[in-house]
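Structural overview for review
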Amino acid sequence: MSVLTLASDPKDATALEGAEAHHARLAGELAGRVKMLLTAVDRDPSAAEKIHAGLVTFCDHSLLPHAAAEEAALYPAAHGMPEARLLIESLIGEHRCLTTLVDALRAAPSLPGAAADARALQVIFEEHVAKENGLVLPLLAMTPEVSLAELLADMHHRLASDVPAADAQRDQNIKEGQDMQEQIEETGGCGGVCGCGGTEEAAEPELDVREVPHALRHATVFGALDAVPAGTAMLLIAHHDPLPLLAQIEQRSPGMFAVEYLERGPEAWRLRLSHR
């Protein structure tokens, strides 16, 4: 059944598609960051610390504000429907669980513990958005008395107030990356920041997008690249030459990543994406 069939209004059909796409971006970025953390914990603990910090920042500036905006703008309309009341109360409970996991991730006493919290956070969030995509959003979209488009516009307006803080954090991350790169160039090593010790190359994390659902694939790569510290690299494995993805990466982060092909098919394409 198409979204046009489900929605009572063309605007709501478009809004439904946009909400699902936004969920895919959030879930994908979270998955990419978690994957980098899980890999770095075993291979490069010093890099894992920075990836861990970036994951917490992503949760504070993207994931949790999204949940709060849903509760304020989207959930009340669905809670007023008898058939959805218990579901919404359950989803609100899951928001509390997500918040608890982010707090545990932030205060994790060890990197393995942080990795476990991060993986739990990813699993619960993916199940959470699956319920929203499959149950809540279609219900709102096909109810004539409710405008899903207006509800989502209100939600996005609430989220917009978080943009300045997120922009400031991104600027800080860029500055830290530039400082690290200058240190690498001056000393010939990273000063211990990336765990290489200046003499021994740290193992590079791999992201095999062949294992990632198509709807989450590009967002997962973006999230993983956001987690890669400056002066290090990530190996990307794809089932075809990812030229459209590389174009999006360059558009999103001009000049930030150097691309080196390690294998060109026919069964797999392997690329090294180096953070300059």
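Just above, that's the structure.
Rules behind the numbers
- Residues numbered from 1 in each chain as written.
- Predicted model: local features only at pLDDT ≥ 70, side-chain atom pairs only at ≥ 80, totals over all residues.
- Heavy atoms only, no water.
- Helix = DSSP H or I, 4+ residues; strand = E, 2+ residues; numbered from the N terminus.
- Buried < 20%, exposed > 50% of the residue type's maximum accessible area, 1.4 Å probe, protein only.
- Contact = heavy atoms within 4.5 Å.
- Areas by Shrake-Rupley, 256 points an atom, 1.4 Å probe, with all protein chains shown as cover.
- Core = buried A, V, L, I, M, F, W, Y, C linked by side-chain atoms within 4.5 Å.
- Salt bridge = Lys/Arg side-chain N within 4 Å of Asp/Glu carboxyl O.
- Pairing = 2+ DSSP bridges.
- Axes fitted to C-alpha atoms, helices over the stretch in contact; angles between N-to-C directions.
- Parallel < 35°, antiparallel > 145°, perpendicular 65-115°, else oblique.
- Left-handed = near helix turned anticlockwise from the far one by under 90°.
- Nonpolar A, V, L, I, M, F, W, Y, C, P; charged D, E, K, R; others polar.
- Polar contact = N/O pair within 3.5 Å; in protein donor to acceptor, adjacent residues only side chain to side chain.

What follows covers the overall build of the protein. Regarding its fold elements, the protein presents nine helices and four strands. Taken over 276 residues, the protein has a buried fraction of 45%. For the protein, long-range pairs separated by at least 24 residues make up 71% of all intrachain contacts whose partners lie at least 6 apart in sequence. Working note: accessible area of the protein is about 13,500 Å², and carbon and sulfur atoms make up 55% of it.

Before going further, it helps to spend a moment on the nonpolar core. Leu55, Leu121, Met234 and Ile249 are the most contacted members of the largest nonpolar core, which totals 49 residues. Of all the elements in the fold, those that place two or more residues in this core are helix H2 (10-43), helix H3 (45-79), helix H4 (85-106), helix H5 (111-141), helix H8 (217-227), strand S2 (233-238), helix H9 (243-252) and strand S4 (269-275). Top element by residues in this core is H2. It accounts for nine residues. In this view, Ile249 contacts Val221, Phe222, Leu225, Phe257 and Leu273; residues no more than four positions away in its chain are not counted. Counting residues in hydrophobic clusters, the runner-up holds 23 residues, among them Ala73, Ala84, Leu137 and Leu140.

Relative to the helices and strands, Ala72 is located in helix H3. Assessed through its relative accessible area of 36%, Ala72 is described here as partly exposed. Separated by 82 residues in the primary sequence, Ala72 and Asp154 place their C-alpha atoms 9.0 Å from one another.

What follows is about the pattern of salt bridges. Counted by the stated rule, this structure contains 11 salt bridges. Two residues, Lys131 and Glu94, come together in a salt bridge whose shortest N-O distance is 2.4 Å. Residue Lys131 is found in helix H5, and its partner Glu94 is found in helix H4; the two are separated by 37 residues along the sequence. What makes Lys131 partly exposed here is its relative accessible area of 28%. Given a relative accessible area of 15%, Glu94 falls into the buried group. A salt bridge links Asp103 to Arg106; its shortest N-O distance comes to 2.7 Å. Of the two residues, Asp103 and Arg106 both sit in helix H4, three residues apart, roughly one turn of that helix. In the salt-bridge network here, residues are joined through shared partners; they are Arg33, Asp226 and Arg252.

What follows deals with the pairing of strand S3 (residues 257-264). In this structure, S3 lies alongside S4, joined through seven bridges in antiparallel fashion. Residue Glu260 lies in a different strand from S4, and its bridge partner there is Arg272. The turn linking S3 back onto S4 is made up of four residues, and Gly265 within it adopts a positive phi angle of 70°.

With respect to topology, four strands assemble into an open sheet ordered S1-S2-S4-S3, the strand pairing being mixed. Pairing within the sheet leaves two strands with one partner each, and these edge strands are strand S1 (206-208) and S3. Going from strand to strand, the sheet's axes swing by 20° on average, the running direction of each strand aside. Across the sheet, H2 is in contact with S1 and S2; its angle to S1 comes to roughly 145°.

So, on to unusual backbone geometry. Note that the residue after Gly265, namely Pro266, is joined by a cis bond; omega there is 5°. As for its position among the elements, Pro266 is in the loop between S3 and S4.

Considering the arrangement of structural elements, one finds Leu273 in strand S4. With relative accessibility at 1%, the residue Leu273 sits in the buried group. Sequence separation between Leu273 and Ala233 is 40 residues, and the spatial gap between their C-alpha atoms is 5.4 Å. The contacts of Leu273, once residues within four sequence positions are left out, are Leu225, Thr232, Ala233, Met234, Leu236, Leu246, Ile249, Phe257, Ala258 and Val259.

Before going further, it helps to spend a moment on the packing of H2 against H8. Remark: H2 packs on H8, axes separated minimally by 6 Å, with the N-to-C direction vectors making an angle of 45°. Between H2 and H8, the angle falls in the class oblique. Crossing hand, H2 versus H8: right-handed. For the pair H2 and H8, the contacting residues are Ala24, Arg25, Gly28, Glu29, Ala31, Gly32, Arg33 and Met36 in the first and Ala219, Thr220, Gly223, Ala224, Asp226 and Ala227 in the second. Partitioning the contact of H2 with H8 into residue classes produces six nonpolar, four polar and four charged.

On to the side chain of Thr220, then. Tracing the backbone shows Thr220 in helix H8. According to the relative accessible area criterion, Thr220 is buried, its value standing at 2%. At 2.7 Å, the side chain of Thr220 forms a polar contact with the backbone oxygen of Leu216.

Everything listed is a geometric property; what it means functionally is a separate question.
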